[in-house]
Amino acid sequence: MTILTDTPRPTSTLPPRARHKRVWDKRLYWVATHAAGLALGVIFVLPLVFVFLTAVMKSDQAMSSSLWPTEWHFENFVNVFKQAPLLEYFTNSIIYSTLATAGALLSAIPAAYALSKIRWRGQTLFFMLTVAAMMLPPQVTIVPLYDLWVRLGLTGTMAPLIIPYFFFDAFSVFLLRQFFLTIPKDYIEAAKIDGCTEFQAMTRVMIPMAKPGIAATAMFCFLFTWNDYFGPLLYTGENQDSWPLSLAIASFRGMHHVEWNLTMAATALIMAPVIVLFVFAQKSFVKGITFTGVKG
Amino acid sequence: MTTTLDTKAASPSSVPKRARTRAQARTRRNVLLFMAPAFLGFLIFFGYPLIATVYYSFTRYDLINPPQWIGFDNYVRMFSTEPLVGTAAYNTLWLVIVLTVCRVAFALGVASVISRLKSGVGLVRTLCYLPALAPPAAATLAFVFLFNPEFGPVNRFLDLVGIDGGLWFNDPGMSKPALTLLVMWGSGELMIIILAALLDVPPELHEAASLDGAGPVRRFWHITLPSISPVLLFGIVNSIIFALQFFTQAVVAGSAAAGSADVAGNTKYIGAPQNSTLTYPVWLYVQGFRYFNMGYAAAMAVLLFIVSFGFTAILVRQMRRGAHQEEGA
Amino acid sequence: MRVTTPVRRSRRRRRGSMVLCIAAASLLTACSGAAAPAGGSGGAPGAAPGKDDKLTLTVYSKFTSREYDIVTKALGNLKAKYPNIEIKHEGNQDDDKLTQSIRGGNPPDVAISFFTDNLGAWCSNGSFQDLQPYLDRDKIDVNQIPEAVRDYTTYQGKRCAMPMLADVYGFYYNTDQFTAAGIAGPPKTMTELFEDTKKLTQFNPDGSIKVAGFMPSMPFYANKAEIWAPSFGATWLGPDGKSNLANSPEWKEMFEFQKKLIDFYGHDNIEKFKSGLGDEYSADHGFQRGKIAMMYDGEYRTAFIKDQTPDIKFGTAPPPVSDSKPDRYGGGFTTGTIIAIPKGAKNPGASWELIKQMSLDTETLVQMANGLKNVPSTIASLTDPKLEVDPQFKTFLDMYSSGKLLPNPSTPIGDAHLKAVNDFAESWQAGSVPNLEEGLKKVDAQINDELAQKQAGG
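In this numbering scheme, every chain counts its residues from 1 along its sequence in written order. To label them, take the chains in the order written and letter them from A, then take the ligands in the order written and number them from 1. Only residues with pLDDT of at least 70 get local features here, since the model is predicted, and only at 80 or more are side-chain atom pairs given and counted; chain-wide, interface and lining totals rely on the full set of residues.

## Focus on the overall build of chain C
As a reminder, the rule being used: Counting from the N terminus, the helices are the DSSP runs of H or I reaching at least four residues and the strands are the DSSP runs of E reaching at least two. Exposure in this text rests on C-beta crowding, where 20 or more other C-beta atoms within 10 Å of a residue's own make it buried, 12 or fewer make it exposed, and counts in between make it partly exposed. The C-beta atoms are placed from the backbone. In this description, any two residues whose backbone-derived C-beta atoms lie within 7 Å of each other are considered to be in contact.
The helix and strand tally for chain C stands at 18 helices and twelve strands. Evaluated residue by residue, chain C yields a buried proportion of 53% over its 458 residues. Taking the intrachain contacts of chain C between residues at least 6 apart in sequence as the baseline, contacts between residues at least 24 apart amount to 77%.

## Some details on the overall build of chain B
Helices and strands together make up the secondary structure of chain B, namely 13 helices and two strands. Taking all 329 residues of chain B together, 53% fall into the buried category. In chain B, the share of contacts with a sequence separation of at least 24, taken over all contacts with a separation of at least 6, comes to 66%.

## Looking at the interface of chain A and chain B
As a reminder, the rule being used: Polar here means any residue outside two lists: the nonpolar Ala, Val, Leu, Ile, Met, Phe, Trp, Tyr, Cys and Pro, and the charged Asp, Glu, Lys and Arg; Gly therefore counts as polar.
If you look at the interface, chain A gives 91 residues, while chain B gives 95 residues. A per-element tally of the side of chain A that touches chain B places helix α1 (residues 16-55) of chain A first, with 14 residues. Along the lines of polarity and charge, the residues of the side of chain A that touches chain B split into 59 nonpolar, 24 polar and eight charged.

## Describing unusual backbone geometry
The omega torsion of the bond from M218(C) to P219(C) falls at -15 degrees, within 30 degrees of zero and hence cis. Topologically, P219(C) is positioned in the loop between β8 (209-214) and α9 (225-232). The backbone of W168(B) sits at a positive phi, close to 45 degrees, despite the residue not being glycine. Assignment of secondary structure puts W168(B) in the loop between α6 (153-160) and α7 (175-185). The residue Y221(C) is not glycine, and still its phi comes out positive at about 50 degrees. One can find Y221(C) in the loop between β8 and α9. Accessibility expressed as a C-beta count within 10 Å gives 24 for Y221(C), which makes it buried.

## Notes on the domain arrangement of chain C
Residues and elements named next belong to chain C. For clarity, the cut-off: The start and end points of each domain follow an automatic or database-based domain assignment.
One can read the domain layout of chain C as domain 1 (55-167 + 334-406) and domain 2 (169-332 + 411-455). Averaged C-alpha coordinates put domain 1 and domain 2 at centres separated by 27 Å. The partner domain 2 presents 24 residues to the 21 residues of domain 1 that form the contact. Taken together, the elements giving at least two residues each to the side of domain 1 that touches domain 2 come down to α4 (119-124), α16 (391-400) and β12 (405-406).

## Section: the pairing of strand β9 (residues 292-298) of chain C
Residues and elements named next belong to chain C. Counted only if it meets this: When DSSP finds two or more bridges between two strands, those strands count as paired.
In terms of burial, β9 is largely enclosed, as seven of its seven residues are buried. In terms of strand pairing, strand β6 (residues 162-174) meets β9 through five bridges, oriented antiparallel. Across the sheet, F171 pairs through a bridge with Y296, a residue of β9. When β8 meets β9, the two strands line up parallel, connected through two bridges. Bridging across to β9, A212 finds its partner in I292.

## Details of the packing of helix α9 (residues 185-193) of chain A against helix α10 (residues 198-209) of chain A
Residue and element names in this part refer to chain A. Just so we agree on the cut-off: In this description, a line fitted to the C-alpha atoms serves as the axis of each element, helices being fitted only across the stretch in contact, and the angle between N-to-C directions of two axes falls anywhere from 0 to 180 degrees. Each angle gets one of four labels, with under 35 degrees taken as roughly parallel, over 145 as roughly antiparallel, 65 to 115 as roughly perpendicular, and the rest as oblique. Handedness of a crossing follows from how the near helix is turned relative to the far one, being left-handed for an anticlockwise turn of less than a right angle and right-handed for a clockwise one.
α10 packs onto α9 with a crossing angle of 155 degrees between their chain directions and a minimal axis gap of 10 Å. One element, α9, and the other, α10, form an angle in the roughly antiparallel class. Crossing of α9 over α10 shows right-handed handedness. When α9 is examined against α10, the residues Y187, I188, A191 and K192 are found in contact with a partner set consisting of A201, R204, V205, M206 and M209. Each residue belonging to the contact of α9 with α10 can be placed in one class, and the counts come to seven nonpolar, no polar and two charged.

## What about the pairing of strand β3 (residues 110-113) of chain C?
Residue and element names in this part refer to chain C. A two-sided burial pattern is seen for β3, the buried positions comprising V110 and I112 on one face and A111 and S113 on the other. In this sheet, strand β11 (residues 332-340) lies alongside β3 in antiparallel orientation, the contact comprising three bridges. Bridge pairing links A111 to A340 in β11.

## Side note on the nonpolar core
The condition that has to hold: When buried Ala, Val, Leu, Ile, Met, Phe, Trp, Tyr and Cys residues are joined through C-beta atoms within 7 Å, the set is termed a nonpolar core.
Among the nonpolar cores identified, the biggest contains 298 residues, and L141(B), I194(B), A301(B) and I339(C) are the most heavily contacted of them. Aside from chain neighbours lying at most four places away, what touches I339(C) is V110(C), I112(C), A161(C), M162(C), M164(C), I355(C), M358(C) and S359(C).

## Digging into the confidence of the model for chain B
Condition: pLDDT: the predictor's confidence for each residue, scored from 0 to 100.
In the predicted model, chain B carries a mean pLDDT of 82, and the fraction of residues at 70 or more is 89%. With pLDDT under 50 throughout, residues 1-11 of chain B is counted as low confidence; its partners more than four residues away or in other chains account for 13 contacts.

## Focus on α16(C)
Helical periodicity: at 3.6 residues per turn, an α-helix aligns residues three or four positions apart in one direction. Residues and elements named next belong to chain C. The cut-off we apply is this: Each C-beta atom gives one direction from the helix axis, and the arc is the one those directions make.
All buried positions along α16 are accounted for by F393, T395, F396, M399 and Y400. The arc that holds the buried residues of α16, viewed along the axis, is 140 degrees, so those residues lie on one side. Seen from the open side of α16, the exposed residues pointing more than 90 degrees away from its buried face are P391 and K394. Contact partners of the buried residues in α16: β6, α12 (301-308), β10 (314-317), β11 and β12.

As structure tokens, then:
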């Protein structure tokens, strides 16, 4: 009778033949799972590798079916800046993402604090509304919102994208609230007994203790706004000067002499900052993601 | 010197009434202050637009001239004469079902494999999450390029092993499956959540079950699945909502595959090939922001809201049970 | 002190916030009116600026790279008359972006569009200003512009744009490949086109296409339903102003012919081939790389070839016509660049001065025509000695004066009808439409539905 490898009976107590088989089973299992893991890793990363390889090809080679560059044209990464005002788009992206993230933190931290550390009537209701807002498809509200921004004269700029973050970003409020819940109330109580007001408790106790959570939330906000396509399409589409990178990349082929290799180079350049950010801040990212897991 | 007391901490009888009401007033003021941006934001960017959308759905409005009340005409048109809204709804429905199943199943599968790894966990996890970081427009362009029937690496590779690759994004029957592959490739976020949940399953449960003779499949079904079911539910609802608002990838793929010289939502090539990538949100956008039938777009938005709210309510109800449990603790 | 139970209080609060929401919503929507700021929308023409007035005019157009430079230079000619006017030319703005900017209240001072497709919509909803008062005030004779071109800049008699260079779509063929295949001259009828296609196509050993004699796939490059239509004499609207494709023998003939060509290659084969062709305006254009032997295209292609791939030997001719309509030969599809004053332009008088120069000044027109290789739109500029005419370009000028040109009809639905027909062409060529007439009926229904939306007031 074969015993599965993850049963508790220690290998050392088995008869020699069974022990031998157990060891081999364990090894096979190890090989199988790690081979699968490796294969998966390769599959996931392969397209990115191809993007990079194409980015350094010569333009006619990019359109042929050869898989490996015959010549290496690293200057493509520089050439993309000449083809389009990439630096301008990059600046727009930075402005959008940093301001939005700052706004989200400014508005969401107090809100999350109130939702998690203060008891008040309607708290659960508003939290549920937050979750509902988080899940709302943006297309539901665009008609009146666009109309509103037109009347304020702000279409064609990034203002309609950035301003809402200074009021209410549902996802950030949700995430921060989950994080704050993991910090025991005792610290807050202690601070209040020492004479802190609610606001001071938040700034002097909560925020320092929740730094990882705040960092994770900031990163998510940054990532989302960095990759946002629909919002900029709607509000800045008409004014090329205000385009962030995420929108510009889709239009990259619109300028006459751009080839696939340059398009891929631009794609690689756009992905680079967030990939770098992730590699350095992995732990926070992963922690943040698991908190959206919604166990309750 | 008055000490600020949390209203719950002090029992009613030990604190004089005036101090209690003052404390309550202070709490209320704090809450209002802390929540002010959120309340305002919710009102302005969610409450008002939702109600206004319903209003606009009963009008004809093109942004240049004032809205005209036309009653239920938009809805009548939506359900009878307008020829493409049915296709759009079908496409989105297809995506809701297929994307959800594939995304969750794939994320679960990948997470299961990673959960069994003893070494290299960090590396594999990173590699699997990287694609999720890519801007969707860029990722779509990359995929369209990779799956190009004539010179893309995928077909080239398939040729080598003797399989006829097909037209991928240029074939109306294959464009949605190709988009599904794209989404699965980017499902790193869901994968990590499920991974965390998998790792949380107490190993003793597994051991006990296998001692009782349960095979791996039965163990998965009866132990793992129930333990991670809240996360799976979240993943399912999240995927459904994601499919309901599927816009960027559909638009970019359609335009790029059609060989259009300008992407960024040029009306002529939306939904290529043959409207197979015309999703509901995309058609809503075209009707509202290209043809400027804003009243009609609002009607479409109302329908979208009703459907998505249905799914959200399920999730919210499940979370509510959890939230109450937390508050009681 | 009143004691309110928790339940009652929360219900009251919930009701209270609902009321607040509704109140705010009704207030805001009640104030909704024309969202875009008014600002000079017809009636009295705006006064021309003073000679030394200092202002900036923003111009939106779709031109990029080489063409952009040429047009910018032409725009600069205004400085001769008004030395202190700065002109800011933004390229790569397509029709969708133009529409968005006008609706959003941020219009440019002058709008240039490559296509006439959206003119009807822009005219009918007031996005473009009526130019008649300006023409009347400055006593301009529009008869210096040929009729077809005059037609595509008006909608229901209202003139809201001026033509700025015209496009004529003719036929291009690779003369080297023709010689190699032993074909004497370009095809004049559809039968000849089909025969020539067969002779010029080269297949790879595995059956895939190496060189396509003629690319019938729609819509692709300039191969679009609306560009084929004049060759068959197919028109869009019936006498009642409604879409009339299903009852038109011309449309049926056109689609049957197109299917014949597709079936010759095999649909999947041609789609695969198509996906490997380069961008329309890049040096990798299929025709410019010798991968396509014959094609429809506009007169501007001669400039691109000269600039990007001068080694390709090609000839031009009027496009072939249906065997049953030989007298249509010599004409073709026309559209053109149009220039207009958007609603909300801050200085319409100055905008008009720029438009006058760009659409009526012979010197400017000839300068642009030589650079862009488009057809200059006034009769004076057509016959101007400074116009550079090489044999390939001459074909288009002859077509322009032939009197057999056909434009798109101006409709208030923009290009929705074009999308509908080209969508249909896609399904049709893939074999997904079993009955041609039934399929065309559905197209009619779609177009009429959009028309109905617009006609009732909007």
